[in-house]
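Close look at the chain arrangement
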Amino acid sequence: MPLRWDSPVEELPGIGPARAKRLQKLGLSTVGGLLAWFPRDYEDRRKVSTIQDAKEGEPACIQGLVAEQPRHSFVRKGLELIRFRVVDAASSMTVTFFNQTYIKDVLHLGMEYIFYGQVEGPPGRRQMNNPVVEPLDKQRFTGRIMPVYPLTAGISNHLIAGGVRRGLDDCLDQLPDLLPEDVRKEHQLASAAYAWETVHFPPSFEELEVARRRLVFEELFFLSAGLTMLRGRRTGTHGPKCEPAALEDYYETLPFALTGAQKRAVEAAAADMTSGGVMNRLVQGDVGSGKTVVAAACAWLAAQSGWQSALMAPTELLAGQHAQTLEPLLGRSGLTVGLLTGSVKGKARKTLLSQLAAGEIDLLVGTHALLSEGVEFCRLGLVITDEQHRFGVNQRAALAERSGEKPHVMVMSATPIPRTLALIIYGDLEVSVIDERPPGRQEIDTFLVGEDKRQRMYGFVRKQVEEGHQVYLVCPAVEENPEAGTGLTLKAVTTYSQTLQNQVFPDLKVGLVHGKMKPKEKEAAMAAFSRGETDLLVATTVIEVGVDVANATLMVIENADRFGLSQLHQLRGRVGRSGHKSYCVLVSGNRNPETRQRLKALCATNDGFQIAEEDLKLRGPGDFFGQRQHGLPPLRVADLAEDVQLLQEAQAAARTLLKADPELSAPEHREVRERVRSLFENNPDIFN
Ligand code: ADP
Ligand code: MG
């Protein structure tokens, strides 16, 4: 009986209950699910070479004749070999199978086979271990471009490939083509059936590209359609209406003049907030570009119309610092700023909450504690989140839903996000970019040094302190953590700070802050550094975001290769926050050329966006955020570093479609609507 799209995988040949259970681990329970399990790579097994010509150390297909009866030897318990000689017209090789004794009964003396595997040894002493072997006239996995699937224990690549082959043969005609016909025509995309067949078993790499283009487009099309709908949901609704107010009046209370970019961001937000609709705006700006005051101006504008604002930061430390910075920026205009974190308890908390409910607090700053029960605003009009990529779309929605009505939302991101990613993660937001630094900012000179320059580096640290400045020294891990195999020990903050204090800088004051300290201790250490009571601050990445000590002019980052580029750039942004010349020293003994290239990119530029693009190319999107964190459906085929062009095409196509049919309610769009709904099942408000 032919299989159906939703047949259980057990119905495939070779898959019994045990294997089905293992496949379940990959989330594969039906034939259709298996077909949607796209290869992660391909092996070119088309070209057959001779034993002589095959390249040593590389995989090859070799056509040869079994020239002797396979010998079975028993080396020790758990290790059995089958070994025999294979010949072709010109030379021979030894083929060995480990612990696959059944091979002896499958291969026959004098018959020809295709052997695919890694070729070892020079001509004359050629060998191949555990090759894939198929009879010359019955090739399934050789002689073609072979898909390589993501696997799990007990599930082989051939098992999946075999199941997929059978599934395609039986079910391909049941595959609906979800892309609207006119979209497919306009963008010259292959049919779904062609794309699915070809992505698994491509006859050539050119055809694979055609298939992939279709699948990537489709994936990005449905994603864009969903995001466009989410955005439409918001723009369509009424928001807390703010009366226009003279922003100049607010600017005059500030200790500095706003940059042009800051003003543009404030004005764009003000236009949103006074429009009667709901603002959904991302303010993106490199570290130190001055996003806080933009947030303050918006809170001020909201307050002029009696609306309260909330600002949510990812950590207590940051929330505290924001409150401290915002207090003077708003206090001078007579606004009240409150701070609510997990550690505000008992009576203080009660008082704060009652003030909040009475409308006596204009801006409440906090961590996700702002989302907890019992936090009731009187008239919440604006929600600002900082470092958004650490919150997800869903958390953003949760906060927005808190008040029952939809407040304005402003998202501040200090991590410059490559354009492609921003289009996806923030596809539902308007974007302001602060692309100008406050005056007086200088480039941070960045150097990459190896262990051999450690003493010089210490000398440089001392010099900064002698000139009256302070220095951060950042390490990747809290506990001693010997790297497997390398014999290299990560600089653990605790021991490192002891060594610095006792042996290297006994005359200086060394502070320590890391994520495993109690909040009170952390705060104390940060405060001491900020007051200039400690000269050096040894830290983990807890200082990554927000911490602002103008007198710090040097940041040393140990084991710099352990960090992502964007993270290093963030860290580096902790210095250079005043007129003083500032430096960053990356210490790394890593000799890997790619790693060095990565770190050198950081030495070459101070432009966060350029660095982010580089990071995306080198390490992929996973490093910017975990899939789950941003709350969007995972991408299976699209590569965000490479597929910018296709993303834009797909986005344009999705917008065109939604312009014509905003709710996808036309009968011919029913399937598109279903697809979008299932993609965004975690965002139930996409269709209301
Ligand atoms: P970030 O964008 O990293 O959040 P901040 O808002 O913390 O940046 O601003 C960094 C520093 O620059 C703060 O000390 C702030 O007071 C200062 N600053 C912001 N805008 C200006 C400006 N227009 N002129 C001078 N200093 C500014
Ligand atoms: Mg900030």
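Structure: see above.
Residues numbered from 1 in each chain as written. Chains lettered and ligands numbered in written order. Predicted model: local features only at pLDDT ≥ 70, side-chain atom pairs only at ≥ 80, totals over all residues. Heavy atoms only, no water.

Moving on: the overall build of the chain. For the chain, the count of helices and strands is 23 helices and 23 strands. When burial is assessed residue by residue, the chain has 52% of its 688 residues classed as buried. Partitioning the contacts of the chain with sequence separation of at least 6, the portion at a separation of at least 24 is 73%. (Helix = DSSP H or I, 4+ residues; strand = E, 2+ residues; numbered from the N terminus. Buried < 20%, exposed > 50% of the residue type's maximum accessible area, 1.4 Å probe, protein only. Contact = heavy atoms within 4.5 Å.)

Further remarks concern the site of ligand 1. Around ligand 1 lies a shell of 17 residues, among which Ala-257, Gly-288, Lys-291, Thr-292 and Arg-441 are the nearest. Here Ser-289 contributes a backbone N or O atom positioned 3.4 Å from an oxygen atom of ligand 1. Contacts to ligand 1 include Lys-291, whose side-chain N or O atom sits 2.7 Å from an oxygen atom. Here ligand 1, which alone exposes 560 Å², has 79% of that area covered by the protein. The class makeup of the residues in the shell around ligand 1 is six nonpolar, six polar and five charged. (Near = heavy atom within 4 Å. Polar contact = N/O pair within 3.5 Å; in protein donor to acceptor, adjacent residues only side chain to side chain. Areas by Shrake-Rupley, 256 points an atom, 1.4 Å probe, with all protein chains shown as cover. Nonpolar A, V, L, I, M, F, W, Y, C, P; charged D, E, K, R; others polar.)

In space, the six strands of this open sheet follow the order β18-β23-β22-β19-β21-β20, with parallel pairing throughout. Two strands bound the open sheet, and with one partner strand each, they are β18 (444-449) and β20 (510-513). The average angle at which neighbouring strand axes cross in this sheet is 20°, direction not considered. Sitting on the sheet, helix α19 (residues 593-604) is in contact with β18 and β23 (582-587), with an inclination near 160° to β18. (Pairing = 2+ DSSP bridges. Axes fitted to C-alpha atoms, helices over the stretch in contact; angles between N-to-C directions.)

Once that is clear, we can look at the nonpolar core. Counting residues in hydrophobic clusters, the biggest one holds 64 residues, and the most contacted among them are Leu-23, Ile-160, Val-164, Trp-196, Phe-217, Phe-221 and Val-676. Every element with two or more residues in this core is listed here: α1 (17-25), α2 (31-35), β10 (145-148), α4 (157-171), α6 (192-200), α7 (205-236), α22 (644-660) and α23 (670-679). Within the second largest apolar cluster, 43 residues are counted, among which are Met-273, Val-283, Ala-299 and Leu-318. (Core = buried A, V, L, I, M, F, W, Y, C linked by side-chain atoms within 4.5 Å.)

With that settled, the discussion passes to unusual backbone geometry. Positive phi values are uncommon outside glycine, yet Asn-99 reaches one of about 50°. Within the element layout of this structure, Asn-99 appears in the loop between β6 (92-98) and α3 (103-106). Of note in the backbone geometry, Gln-188 takes a positive phi value of approximately 50° without being a glycine. Checked against the element boundaries, Gln-188 lands in the loop between α5 (181-186) and α6. Under the relative-accessibility criterion, Gln-188 is labelled exposed at 69%.

Moving on, we get to the side chain of Gln-308. Checked against the element boundaries, Gln-308 lands in strand β12 (residues 308-312). For Gln-308, a relative accessible area of 3% corresponds to the buried category. Within the structure, Gln-308 has its side chain in polar contact with the backbone oxygen of Ile-361 (distance 2.9 Å).

Turning our eyes to something else, we now look at the packing of helix α18 (residues 565-572) against α19. It is the contact of α18 with α19, at a shortest axis distance of 10 Å, that shows an interaxial angle of 35°. As for the relative orientation of α18 and α19, their crossing is right-handed in sense. Every residue of α19 that contacts α18 at Leu-565, Leu-568, His-569 and Arg-572 is listed here: Arg-598, Leu-599, Ala-601 and Leu-602. For the contact of α18 with α19, the class distribution of residues is five nonpolar, one polar and two charged. (Left-handed = near helix turned anticlockwise from the far one by under 90°.)

The next thing to look at is the environment of Gly-64. Within the secondary structure, Gly-64 is located in strand β3 (residues 59-66). Taking the relative accessible area as the measure of exposure, Gly-64 reaches 1% and is therefore buried. For the pair Gly-64 and Phe-115, spaced 51 residues apart in sequence, the C-alpha separation works out to 7.5 Å.

Attention shifts here to the packing of aromatic side chains. Two numbers describe a pair of aromatic rings. These are the distance of the centres and the angle of the planes. Tallied over the full model, the rule gives 11 aromatic pairs. For the pair Phe-38 and Trp-196, a centre-to-centre distance of 5.1 Å together with 75° between the ring planes defines the contact as edge-to-face. Placement of Phe-38 in the loop between α2 and β1 (41-44) and of Trp-196 in helix α6 is noted, with a sequence separation of 158 residues between them. According to the relative accessible area criterion, Trp-196 is buried, its value standing at 10%. For the ring pair Phe-217 and Phe-221, a centre distance of 6.1 Å and an interplane angle of 15° mean the geometry is stacked. Residue Phe-217 and its partner Phe-221 are located together in helix α7, separated by four residues, close to a single helical turn. Grouping aromatic residues by their ring pairs yields a cluster made of Phe-84, Phe-97, Tyr-113 and Phe-115. Directly above the aromatic system of Trp-307 lies the positively charged group of Arg-379, at a separation of 3.8 Å from the ring centroid. (Phe/Tyr/Trp six-rings, centres within 6.5 Å; stacked < 30°, edge-to-face > 60°. Lys NZ or Arg CZ within 6 Å of the ring centre and 35° of its normal.)

Bringing the sheet that holds strand β11 (residues 280-285) into the picture now. Across the sheet, which stays open at both edges, the seven strands sit in the order β13-β14-β12-β15-β16-β11-β17 with parallel pairing between neighbours. Looking at the sheet topology across the chains shown, the edges are occupied by β13 (337-340) and β17 (430-434). Sheet twist, expressed as the mean angle between neighbouring strand axes with direction ignored, is 20°. Summarising the sheet, β12 and strand β15 (residues 380-386) pair through five bridges and their orientation is parallel. Within β15, the position partnered with Ser-309 by the bridge is Leu-382. Helix-sheet contacts for helix α12 (residues 346-357) involve β12, β13 and β14 (363-366), and the interaxial angle to β13 is about 135°.

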